Amino acid sequence: MTARSAAAIASLALLSATGCTNFYEVPIETPIQAKLDVSAFRRVLVAGFISGGSDDVDANMETVRLLRSQLRSKTNLRIIEAEPLPLVQLAGEQAAKTAAAPAATPAPETPATPGALPATPPAAPAGEEAKSPTSKEGSTVRTKKDLEKFDRIFADAAFWKKLGEEYESPLIVTGTVMFTPQQTSGFVNEQREVYDQLGRRQVIPTRTYKERKGFVLEPKFVFIDGRTGATIYSETYRREVLYSSQQTTPALASYFELMDQLLPDFLGALSTQKIRGTRILLR
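Reading guide: rules and limits
Residues numbered from 1 in each chain as written. Predicted model: local features only at pLDDT ≥ 70, side-chain atom pairs only at ≥ 80, totals over all residues. Heavy atoms only, no water. Helix = DSSP H or I, 4+ residues; strand = E, 2+ residues; numbered from the N terminus. Buried < 20%, exposed > 50% of the residue type's maximum accessible area, 1.4 Å probe, protein only. Axes fitted to C-alpha atoms, helices over the stretch in contact; angles between N-to-C directions. Parallel < 35°, antiparallel > 145°, perpendicular 65-115°, else oblique. Left-handed = near helix turned anticlockwise from the far one by under 90°. Contact = heavy atoms within 4.5 Å. Nonpolar A, V, L, I, M, F, W, Y, C, P; charged D, E, K, R; others polar. Salt bridge = Lys/Arg side-chain N within 4 Å of Asp/Glu carboxyl O. Pairing = 2+ DSSP bridges. Expected span 1.5 Å × (residues − 1). Bend = angle between axes of the 7 residues up to and from the residue.

Caption draft 1: Representation of the overall build of the chain. Per the secondary structure count, the chain includes six helices and eight strands. Walking the chain from its N terminus toward its C terminus, one meets helices and strands in the order α-β-β-α-β-α-α-α-β-β-β-β-α-β. Within the chain, buried positions represent 33% of all 283 residues.

Here it is in structure tokens:
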């Protein structure tokens, strides 16, 4: 660096320090383009969700209500007011029909033996009953693995096309919602306040072993074209919240806290969103 360059930089620094005495906070908005083109739709049907994990929250009903409210206020789509579909039951019935289809094929006939009794199907073992996916035990969704029994319903284009015909071919919003309690323990970083002999406050970082509890929210939003029944977009999210083991927080309050974090991402799939922020200008 030459002496002239050093002098120029020093002069600029001095000018900045003495001349820029005013700070201005300027609000700005950054648009984020929508992930889907929904211009072909005028109506949207939040059909329902396959939900599970916790019995303390009806995640199907609460998610339908919340998404309809957000779509009503944040988009130009007309909301179809309809009862949420019991997708767990419908998907279970669909799986039962699929499993029973091979059994419906007639077996080849064999020549009857004179004096022989007609063949009868073997009886179920004592104390056991046949279970179908629509039974109470079979329709319980507790883990992600349980979802595998019902997840195939989203690929049933005929089912969704028929549903779309009933509501004038809208955009259909459906999917899965897992809301699961969790417990964890381990070391966490905390800021501890201390005061010296002169009363001066200091903040010291510390690591503390704690037991915490909370919830995990894992929704998958599936967007289906009601004209064809085909899936046009889907996305999965995961959010969690942890509290002190001594803190008592209602499950429903935790559900809404986590959904508040996800709503901008959900709405961003359908319409252009604006992220608001600020910038500092010097003068």
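Caption draft 2: How the structure looks around the packing of helix 2 (residues 59–74) against helix 6 (residues 251–268). Two elements in contact, helix 2 and helix 6, have axes separated by 11 Å at closest approach and are oriented at 40°. Between helix 2 and helix 6, the angle is such that the two are oblique. Handedness of the crossing formed by helix 2 with helix 6: right-handed. Between helix 2 and helix 6, the contacting residues are A59, E62, T63, L66, L67, Q70, L71 and K74 on the first element and L252, Y255, F256, M259, L263, F266 and L267 on the second. A class-by-class count of the residues in the contact of helix 2 with helix 6 yields eleven nonpolar, two polar and two charged.

Caption draft 3: Region of the structure containing the pattern of salt bridges. Applying the stated rule across the entire model yields eleven salt bridges. Ionic pairing is found between E168 and R43, a salt bridge with its closest N-O pair at 4.0 Å. Placement of the pair is E168 in the loop between helix 5 (157–166) and strand 4 (171–195) and R43 in strand 2 (residues 43–53), with a sequence separation of 125 residues. The exposure class of E168 is exposed, given its relative accessible area of 61%. You can call R43 buried: its relative accessible area is 15%. When salt bridges with common partners are traced through the structure, they connect R68, R72 and E81 into a single cluster.

Caption draft 4: Fine view of the side chain of R68. Following the sequence through the fold, R68 ends up in helix 2. For R68, the residues in contact, after removing those within four places along its chain, are L45, V46, I79, I80, E81 and A82.

Caption draft 5: Spotlight on the pairing of strand 2. Counting buried positions along strand 2 gives eleven out of eleven residues, so the element sits mostly inside the fold. For strand 2 and strand 3 (residues 78–79), the ladder comprises two bridges, and the chain directions are parallel. What sits directly across from R43, in strand 3, is R78.

Caption draft 6: Examining the pairing of strand 6 (residues 231–236) more closely. Two strands pair when backbone bridges link them, and strand 5 (residues 201–225) and strand 6 are joined in this way by five bridges, in the antiparallel orientation. Following the sheet pairing, I224 is matched in strand 6 by T231. Taken together, strand 5 and the strand that follows it, strand 6, pair antiparallel across an intervening segment of five residues, in which G229 is found at a positive phi of about 80°.

Caption draft 7: Here's a closer look at helix 6. For helix 6, built from 18 residues, the straight-helix expectation of 26 Å at 1.5 Å per residue is met to within 8% by its first-to-last C-alpha distance of 26 Å. The sharpest bend along helix 6 comes to roughly 40°, located at L262, with the proline P264 sitting one to four residues further on. By the burial criterion, the buried members of helix 6 are A251, S254, Y255, L258, M259, L262, L263, F266, L267 and G268.

Caption draft 8: Local environment of the environment of A155. Following the sequence through the fold, A155 ends up in the loop between helix 4 (144–147) and helix 5. Overall, the relative accessible area of 68% leaves A155 in the exposed class. In sequence terms A155 and G229 are 74 residues apart; their C-alpha atoms lie 8.5 Å from each other.

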